[in-house]
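Each chain, written out:
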Amino acid sequence: MGFKARVRALPKLGIGVSTEYGAHTLGETLDPIELREQHPAFGRFLEVGVEIAKGLDSDARRWIRDGHPWTYHFLDINLDEPEDFDTEWLSKVSALVDAHEPAWLCGDAGLWHFGPREPENMLLLPPILSEAAVRPMADGIEQLRAATAREVFPENPPGTIFLGDLHILDYFARVCESADTGMLLDCAHLAIYQRLQGMTPTTALDGFPLDRVVELHVAGACVKSHAGREIIEDNHGTEVLPDTWKIFDFVLERAPNLKAIVFECERNSLDTTIAGFERIRDAAQRHGQFEEAPQ
Amino acid sequence: MNPIAMQRLSVRMLYDWSLTTAIYDTGTDPILGVEVPAPARATLTRPPRELWRSDPYRQGRMVTALLRVFTATCAWTFVRAPDRPLTDFFLSIDFHRSIDARTSTVRAFGEWLSSTFCDLQEVASLAQLERALDDVRHARAPLQREPSASWSISPHARVLEVSTGTSDVLHATHQRLEAHPISATHAAVHGEWDGGALTIHRTQKERLLVHHEPNGVANISRISDPLYELLAALSSDGPHATLLAVAAEHGASAEDLDDLMRDLGEDGVVVHH
């Protein structure tokens, strides 16, 4: 079955929030369960960042045990590196997916670690943006999709160094086509990329197959200076860059298969995140997204 | 250059700015001794050079992570050789080869510590032991190929020969570091611990078995010479004849050897194929 048929079967999750192992234990940070109780429209689902060596923390387990929808955001697989698909990792991921049934898997399609999977080697770099790098990435997506029997949506990663002759959107358009998959478009990451390249926020979006966009991420960022250059740090704060909103609004209006929007703000206190959630909700309503009641 | 190779070279450039400079200025990779093909060099040098250095904490984060694995070893380097920074690891062939060959960077750091600080007995010996501990924790296979004998050492076990006193010094160093009110890492980095009265013999050796048990605890035990020789032969994929010869040398028969292997198998130290 092709993507266009498969995507129709996916649940419409609505607006959700992200978390990763232990995030809620770090000071005055957002409790996803409290968000859902106090603002149900903003906590329809939880996107859980998972390193399989750590598993799920107690907050994520409680969320899932209560029967709320969630998505599995991987943090430990280099999709384009065949050696990274070792039997032990794959079997643990499959077991977790089977046991806890996320709506789908997604995550930055980049280099999460160099060398074998060891906690000391963690980083996140974008893939090489070239034609030769398309098929290896697509192979990894297909392999993980087959192993978990779940959709696997690649996400455009952040970075300060992007190598390769393709625009990042052109690269991911080819990956989605090659793997016949959907896409998690991170608006903040794209804003960082466009600014680094000296391009407008929506450059190349007109040529991107927006019917492939299943999920959107919005997050805050901060602008720093390094050696006289402007560097944008994807800090998941609550101050969302105007460029990010421009990308978000542009895509929201044109993405017929959009199922989910995550406000990545897990390291902030609940009250400081509400304005961002409201901005997302208002835009979604304005563009007719999520008009049906989320499941 | 294929994308994976370019990705690995870019990781090396992010951690080693002298390599980045060489690629920009000359197009050569002086560490691995290769010329970077012109199209790959053009791709790698397209971003403004200074962007490669935009994360000033990249090296420090990794050293901190490695320090948690080699806590005692690093604590001794700060005491014995405060003028030799651990970030020099990123200039070493050990680091660059590990990235290029996709092998363990943690292991490479252990090897770099042993060789770089070989003039410092405590550091070199402790690095060997902490590397073995990390190997068994991660169950890294000691051999890169399928073993040829019917028994092999378990990925959860290692034998090693180090200077006498190394295991005691490791234990005592950890105890003293962990007594620090902030953290063992803080104590190690700032030298806020007392390494006095801890000594390692320069000439005598102790033979150790490091074993990560199913309950998650890594044990270090001194073992006899015959057992060490047998397990060392298994670790280097010695054929069965070598095992029999080692056993015979110590007055044991083939049946004795089989019994011993079965016992070690039950303990999880060796694996039967």
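Keep in mind the model is a prediction, meaning the values are calculated, not measured.

Asker: Would you mind going over the interface of chain A and chain B with me for this structure?
Answerer: A common measure of how large an interface is: the accessible area buried when the components associate. Opposite the 31 residues of chain A that make contact, chain B presents 32 residues. Of the roughly 2600 Å² buried where chain A meets chain B, counting both sides, 66% is carbon and sulfur surface. Counting across the interface, chain A meets chain B through six salt bridges. For the salt bridge of Arg-229 of chain A with Glu-50 of chain B, the shortest nitrogen-to-oxygen distance reads 2.4 Å.

Asker: What is the right way to read the domain arrangement of chain B from this model?
Answerer: Residues and elements named next belong to chain B. Split by domain assignment, chain B resolves into domain 1 (3–53) and domain 2 (58–142 + 149–272). Between domain 1 and domain 2, the C-alpha centre-to-centre distance is 34 Å. At the interface, 11 residues of domain 1 touch 13 residues of domain 2. In this assembly, domain 1 packs against domain 2 so that about 1200 Å² is buried in total across both faces, 69% of it on carbon and sulfur atoms. At the surface where domain 1 touches domain 2, the tally comes to zero salt bridges. Linking domain 1 with domain 2 are three residue pairs in polar contact (both at pLDDT 80 or more). Those elements that provide at least two residues to the side of domain 1 that touches domain 2 are α1 (3–15) and α2 (17–25). A total of five residues in the side of domain 1 that touches domain 2 trace back to one element, the largest contributor, which is α1. Grouping the amino acids of the side of domain 1 that touches domain 2 by side-chain chemistry returns seven nonpolar, one polar and three charged.

Asker: How should I be thinking about the environment of Phe-250 of chain A in this particular structure?
Answerer: All names here are of chain A. With respect to the helices and strands, Phe-250 occurs in helix α8 (residues 242–252). Put simply, Phe-250 and Thr-238 are 12 residues apart on the chain and 20 Å apart in space, counted from C-alpha to C-alpha. Among all residues touching Phe-250, those that are not within four sequence positions of it are Thr-202, Leu-205, Asp-206 and Leu-210.

Asker: Hey, could you run me through the packing of α1 of chain B against α2 of chain B in this one?
Answerer: Residues and elements named next belong to chain B. The geometry of α1 relative to α2 is characterised by a closest axis approach of 5 Å and an angle of 120 degrees between their N-to-C directions. Relative to α2, the element α1 is oriented oblique. From α1, Leu-9, Arg-12, Met-13, Leu-14 and Tyr-15 reach across to α2, where they touch Trp-17, Leu-19, Thr-20, Ile-23 and Tyr-24. Its residues placed into classes, the contact of α1 with α2 shows eight nonpolar, one polar and one charged.

Asker: Looking at this structure, I do not really get empty space enclosed by the protein. What am I missing?
Answerer: Any space left empty among the atoms is revealed by the rolling of a water-sized probe across them. Applying the stated criterion to the full structure yields three cavities of 30 Å³ or more. For the largest cavity, the full set of lining residues is Leu-125, Pro-126, Pro-127, Ile-128, Ile-161, Phe-162 and Leu-163 of chain A together with Gln-7, Ser-10, Leu-14 and Trp-52 of chain B. In terms of residue count, α1 of chain B provides more of the lining of the largest cavity than any other element does, three residues in total. Of the residues contributing to the lining of the largest cavity, the split by class is nine nonpolar, two polar and no charged. The calculated volume of the second largest cavity comes to roughly 70 Å³. Residue lining of the second largest cavity: Glu-81, Leu-111, His-113, Phe-114 and Gly-115 of chain A together with Ile-4, Gln-7, Arg-8, Val-11 and Ile-99 of chain B, and that is the complete set. Those elements giving two or more residues to the lining of the second largest cavity turn out to be β5 (111–113) of chain A together with α1 of chain B. No other element matches the four residues that α1 of chain B contributes to the lining of the second largest cavity.

What counts, and at which threshold
- Residues numbered from 1 in each chain as written.
- Chains lettered and ligands numbered in written order.
- Predicted model: local features only at pLDDT ≥ 70, side-chain atom pairs only at ≥ 80, totals over all residues.
- Heavy atoms only, no water.
- Contact = heavy atoms within 4.5 Å.
- Buried area = accessible area lost by both parts, 1.4 Å probe.
- Salt bridge = Lys/Arg side-chain N within 4 Å of Asp/Glu carboxyl O.
- Domains from an automatic or database assignment.
- Polar contact = N/O pair within 3.5 Å; in protein donor to acceptor, adjacent residues only side chain to side chain.
- Helix = DSSP H or I, 4+ residues; strand = E, 2+ residues; numbered from the N terminus.
- Nonpolar A, V, L, I, M, F, W, Y, C, P; charged D, E, K, R; others polar.
- Axes fitted to C-alpha atoms, helices over the stretch in contact; angles between N-to-C directions.
- Parallel < 35°, antiparallel > 145°, perpendicular 65-115°, else oblique.
- 1 Å grid on protein atoms, 1.4 Å probe; cavity = no way out; pocket = protein on both sides within 12 Å on 5 of 7 lines; lining within 4 Å.
- Points joined across faces, edges and corners; volume = space filled by probe spheres on them.

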